[in-house]
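Architecture at a glance
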Amino acid sequence: MSTDAIVLLKEDHKEMRRLFKAFQDAEEGPASERQKLVKQILEALTVHTYLENEVMYPEVRKLVPDVEDDILESYEEHHVADVLCFELFTMDADDERFTAKTTVLIENVLHHVEEEEQEWFPKVREALGRNQLQEIGQRMIDLRPKAPKTPAAPKALKKSLDAVVA
């Protein structure tokens, strides 16, 4: 398995796309299936955004000044996703707004993923050497088991609060 930070994040993105498609395919099915899929989406997003906010973004911001604006925008996109994730965490799948809210979350995350992968990951790869990306990736791997798994976990709530008061 690669320890390259960008490869690891793209693997997370691929898993999120898979979960998003599964949710969309389940829209006409039982609410329990949608609930289960959203729980998986929330966990994947909570872990992923935590690792980016704690490791990738601060390191890249320090080492690649050319992507400063991209990183700041990404923090804000994460904040919007965090709010939606927290709201979905408290909802039942048979709530009339559950599917709509999940759809908005998916659209926002896909936009964010597209920007990362197309716009600033290439700049980061060009600016940082393979060793630096592997070091950042290893730090993300090491932190993953300690990452919050739900939007209501204290570390996830702190991340959301930091976005408001930072």
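The structure we're discussing is the one just above.
Everything numeric here is computed off the predicted structure, so don't read it as measured data.

Mapped onto the elements, Cys85 comes out in helix H3 (residues 68–89). The exposure class of Cys85 is buried, given its relative accessible area of 3%. Cys85 sits 45 residues away from Gln40 along the chain, and the two C-alpha atoms are 11 Å apart. Once residues lying within four places of it in the same chain are set aside, the contact partners of Cys85 are Leu42, Leu45, Leu105 and Pro151.

Glancing now at the pattern of salt bridges. Close approach of charged atoms allows side chains of opposite charge to pair. Inspection of the entire model under this criterion finds 11 salt bridges. The closest approach of N and O atoms between Asp12 and Arg144, which form a salt bridge, is 2.9 Å. Residue Asp12 is located in helix H1 (residues 5–25), and its partner Arg144 is located in the loop between helix H5 (130–143) and helix H6 (154–165); the two are separated by 132 residues in the primary sequence. Residue Glu15 is joined to Arg18 by a salt bridge in which the shortest nitrogen-to-oxygen separation is 2.6 Å. Within this pair, Glu15 and its partner Arg18 are both found in helix H1, separated by three residues, close to a single helical turn. Take Arg18: its relative accessible area is 47%, and that puts it in the partly exposed class.

A word on the nonpolar core. Met56, Val60, Val67, Trp120, Val124 and Met140 are the most contacted members of the largest nonpolar core, which has 23 residues in total. At the level of secondary structure, the elements contributing two or more residues to this core comprise H1, helix H2 (31–63), helix H4 (98–127) and H5. For this core, the element with the highest residue contribution is H2, accounting for seven residues. Beyond its immediate chain neighbours, meaning those up to four positions away, Val60 contacts Val67, Ile71, Trp120 and Val124. Grouped together as the second largest cluster of nonpolar side chains are 21 residues, Leu45, Met91, Leu105 and Val113 included.

Cut-offs and rules
All residue numbers refer to position in the chain's written sequence, counted from 1. Residue-level local features of this predicted model are given only where pLDDT is at least 70; pairs of side-chain atoms are given and counted only at 80 or more, and the full residue set underlies all totals for whole chains, interfaces and linings. To obtain the side-chain values, all non-hydrogen atoms of the structure were included, while hydrogens and water were left out. Here a helix means four or more residues in a row that DSSP labels H or I, a strand means two or more in a row labelled E, and each is numbered from the N terminus. Buried residues are those whose accessible area, probed at 1.4 Å on protein chains only, stays under 20% of the maximum for their type, while exposed residues exceed 50% and partly exposed ones sit between those limits. Here, two residues are considered to be in contact whenever any of their heavy atoms come within 4.5 Å of each other. The working definition used for a salt bridge is a side-chain nitrogen of Lys or Arg within 4 Å of a carboxyl oxygen of Asp or Glu. Take the buried residues of types Ala, Val, Leu, Ile, Met, Phe, Trp, Tyr and Cys, join any two whose side-chain atoms come within 4.5 Å, and each joined set is a nonpolar core.

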